[in-house]
Amino acid sequence: MGTSPEEFSKGNVWRAFILIFVSAGTQEKPFNRLIEGVDKIADLAGERVLAQIGYATYLPKKCEYFRFCSREEMLSHINAASMVIAQSGFGIIGDSIKLMKPLILVPRELRFGEAIDKQYELAEYLASRHESIICIRNIELMAGAVRKIRNSHVDYNYKTVIPDLIDSFITQVFYSG
Amino acid sequence: MGEEKGKIKICIACSGGGHFSEALKATEKLKCEKYYVTYYNSATQEFSRKNRVYFITHPRHCFFILRLFLFIRNIIESLFVLLKEKPDLIISTGADVAVATCISGKLFGKKLIYIESGGYVTSKSVSGRIIYPFADLFIVQWEPALKNFPRATYGGPLF
């Protein structure tokens, strides 16, 4: 879609259409462990790797990257990707699930100074429920996770009734009787 | 019915990051008069251009005495906004910045809906733990969280 002619000339025609999207989120603490871990496997992955690195101080050598983008651009990167590798943030998880993408979650760890809140709880819960979500807390397991998740079956089906719960609460409390 | 619901005023109180987007997803379809109480960051500042937002002190994690001071400021500001706006209902997705608004709201006889943040599945958030006994409606986003909050209602994730 948005492929530039340069990419074709490099002989990367197939690569331009298969993409692993990486997201470190917008938390102010750098998440270098994720970016370094992805950079290490970028040439093994056999796919184009694009990383949103946020406040990371490590700059990738083998993959394309940028720091931040708008929400619309974020959604279009996720949509274009064959899989998403990300911090275990609620936002990126929700967007990837809505767009039915296989997902590798790397929780930010308090002990490495990457987080202000623990992130692994939701990642581990979702990983236990879906074949297409893997939670890795040891970054060395990244290559294996990418291989494993590539052809996994995606079966997300989440709905929220929270707006309806609020609506009926209001009706009941303020407008009945 | 939708018309009539416009008469009540809702206070939406929460932190400025993930909690804020969860709160927006939970309340965006409500037709009532709404205002927001949060702390200042680039996202909430952007949001405040088109919405009524009060910025109050964030009792961020820091040295104990300073944190206590920030909390006291947060409580005073929370009370000030509450007494000025006199909402009928407070909706919160939590974190420390919203606790004072929730509790003082209850003390002044307002209704309170609390939504436990989606990041918590098997453990409880600090603000959820504090507000659980007071909330008129306590919603969790994941089924396992019902074990921690037996009187809660399951609502599904706010994706």
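Before reading further, recall that the structure is shown in the block above.
Residues numbered from 1 in each chain as written. Chains lettered and ligands numbered in written order. Predicted model: local features only at pLDDT ≥ 70, side-chain atom pairs only at ≥ 80, totals over all residues. Heavy atoms only, no water.

1. Thoughts on the packing of helix α8 (residues 162–174) of chain A against helix α1 (residues 18–27) of chain B
To characterise two packed helices, one gives the angle between the axes of the helices and the distance between these axes.
Next, step 1: At their nearest, the axes of α8 of chain A and α1 of chain B sit 7 Å apart, and the two run at 60° to each other. Here α1 of chain B runs oblique to α8 of chain A, going by the angle between their axes. The segment α8 of chain A lies against α1 of chain B, with I162, P163 and I166 of chain A engaging K25, A26 and T27 of chain B.
Next, step 2: Residues belonging to the contact of α8 of chain A with α1 of chain B are distributed by class as follows: 4 nonpolar, 1 polar and 1 charged. (Axes fitted to C-alpha atoms, helices over the stretch in contact; angles between N-to-C directions. Helix = DSSP H or I, 4+ residues; strand = E, 2+ residues; numbered from the N terminus. Parallel < 35°, antiparallel > 145°, perpendicular 65-115°, else oblique. Contact = heavy atoms within 4.5 Å. Nonpolar A, V, L, I, M, F, W, Y, C, P; charged D, E, K, R; others polar.)

2. Considering helix α5 (residues 90–98) of chain A
Residues and elements named next belong to chain A.
Next, step 1: Here α5 lies mainly inside the structure; 7 of its 9 residues are buried.
Next, step 2: Those residues of α5 not exposed but buried are F90, I92, I93, G94, D95, S96 and I97.
Next, step 3: Where α5 ends, the next residue or the one after it, M100, has phi of about 55°, a positive value. (Buried < 20%, exposed > 50% of the residue type's maximum accessible area, 1.4 Å probe, protein only.)

3. Notes on the pattern of salt bridges
Next, step 1: For the structure shown, the criterion picks out 17 salt bridges over all chains.
Next, step 2: Salt-bridge contacts for E124 of chain A lead to R137 of chain A; the nearest nitrogen and oxygen are separated by 3.6 Å. Here E124 of chain A is found in helix α6 (residues 120–129), whereas its partner R137 of chain A is found in the loop between β6 (133–135) and α7 (142–149), with 13 residues between them in sequence.
Next, step 3: The partner of E85 of chain B in a salt bridge is R52 of chain B, and the shortest N-O contact between them spans 2.4 Å. Pair noted here: E85 of chain B is in helix α3 (residues 64–85) and R52 of chain B is in the loop between α2 (42–48) and β3 (53–55), with a separation of 33 residues, a long-range link. (Salt bridge = Lys/Arg side-chain N within 4 Å of Asp/Glu carboxyl O.)

4. Thoughts on the sheet that holds strand β1 (residues 19–23) of chain A
All names here are of chain A.
Next, step 1: In spatial order, the strands read β3-β2-β1-β4-β5-β6; together these 6 strands make up an open sheet with parallel pairing. A single partner strand is all that each edge strand has here, and the edge strands are β3 (64–66) and β6. Shown here is a sheet whose adjacent strand axes are inclined to one another by a mean of 15°, direction ignored.
Next, step 2: The strands touched by α6 within the sheet are β5 (103–106) and β6, with β6 carrying the most contacts at an inclination of about 135°. (Pairing = 2+ DSSP bridges.)

5. Some words on the sheet that holds strand β1 (residues 9–14) of chain B
Next, step 1: In spatial order, the strands read β3-β2-β1-β4-β5-β6-β7 (chain B); together these 7 strands make up an open sheet with parallel pairing. At either end of the open sheet lies a strand with only one pairing partner, and these are β3 and β7 (153–154) of chain B.
Next, step 2: Note: β1 of chain B against strand β4 (residues 89–94) of chain B, 5 bridges, orientation parallel. Looking across to β4 of chain B, one finds that I10 of chain B is bridged to L89 of chain B.
Next, step 3: α8 of chain A contacts β1, β4, β5 (111–115), β6 (137–140) and β7 of chain B of the sheet and is inclined by roughly 170° relative to β5 of chain B.
Next, step 4: Strand contacts of helix α4 (residues 96–107) of chain B: β1, β2 (33–38), β4 and β5 of chain B, with the helix running at about 150° to β4 of chain B, the strand carrying the most contacts.

6. A look at the pairing of β1 of chain B
All names here are of chain B.
Next, step 1: Of all 6 residues that make up β1, 6 are buried, and the element is covered over most of its length.
Next, step 2: Every second residue of β1 is oriented toward a common face, with K9, C11 and A13 on one face and I10, I12 and C14 on the other, all of them buried.
Next, step 3: With 5 bridges joining them, β1 and β2 adopt parallel strand pairing. For K9, the partnering residue across the bridge sits in β2 and is E33.
Next, step 4: Each parallel crossover has a hand, and the one from β1 via α1 to β2 is right-handed. (Right-handed = clockwise from strand over helix to strand, strands pointing away.)

7. As for the nonpolar core
Residues and elements named next belong to chain A.
Next, step 1: In terms of nonpolar packing, the biggest core is built from 27 residues, with V22, L34, I85, I104 and M142 touching the most fellow members.
Next, step 2: Sorting the residues of this core by element identifies β1, α3 (32–45), β2 (48–52), β4 (83–87), β5 and α7 as the ones contributing at least two each.
Next, step 3: A per-element tally of this core places α3 first, with 6 residues.
Next, step 4: Aside from chain neighbours lying at most four places away, what touches I85 is I20, F21, V22, S23, L34, V38, I104, M142 and V146. (Core = buried A, V, L, I, M, F, W, Y, C linked by side-chain atoms within 4.5 Å.)

8. Section: the side chain of E85 of chain B
Residues and elements named next belong to chain B.
Next, step 1: Residue E85 is classed as buried on the basis of its relative accessible area of 7%.
Next, step 2: In terms of polar contacts, E85 uses its side chain to reach the side chain of R52, at 2.4 Å.
Next, step 3: If sequence neighbours within four positions are ignored, E85 has contacts with K9, Y35, R52 and Y54. (Polar contact = N/O pair within 3.5 Å; in protein donor to acceptor, adjacent residues only side chain to side chain.)

9. Overview of the interface of chain A and chain B
Next, step 1: The partner chain B presents 38 residues to the 26 residues of chain A that form the contact.
Next, step 2: Taken together, both faces of the contact between chain A and chain B bury some 2800 Å²; the carbon and sulfur share is 73%.
Next, step 3: Of all residues in chain A, F90, I162 and Y175 of chain A give up the largest surface area on contact with chain B, accounting jointly for 24% of the area buried on that side.
Next, step 4: The interface formed by chain A and chain B contains 0 salt bridges.
Next, step 5: Our count for the contact surface shared by chain A and chain B stands at 7 residue pairs in polar contact (both at pLDDT 80 or more).
Next, step 6: Broken down by secondary-structure element, the contributors of at least two residues to the side of chain A that touches chain B are α5, α6 and α8 of chain A.
Next, step 7: For the side of chain A that touches chain B, the element with the highest residue contribution is α8 of chain A, accounting for 10 residues. (Buried area = accessible area lost by both parts, 1.4 Å probe.)

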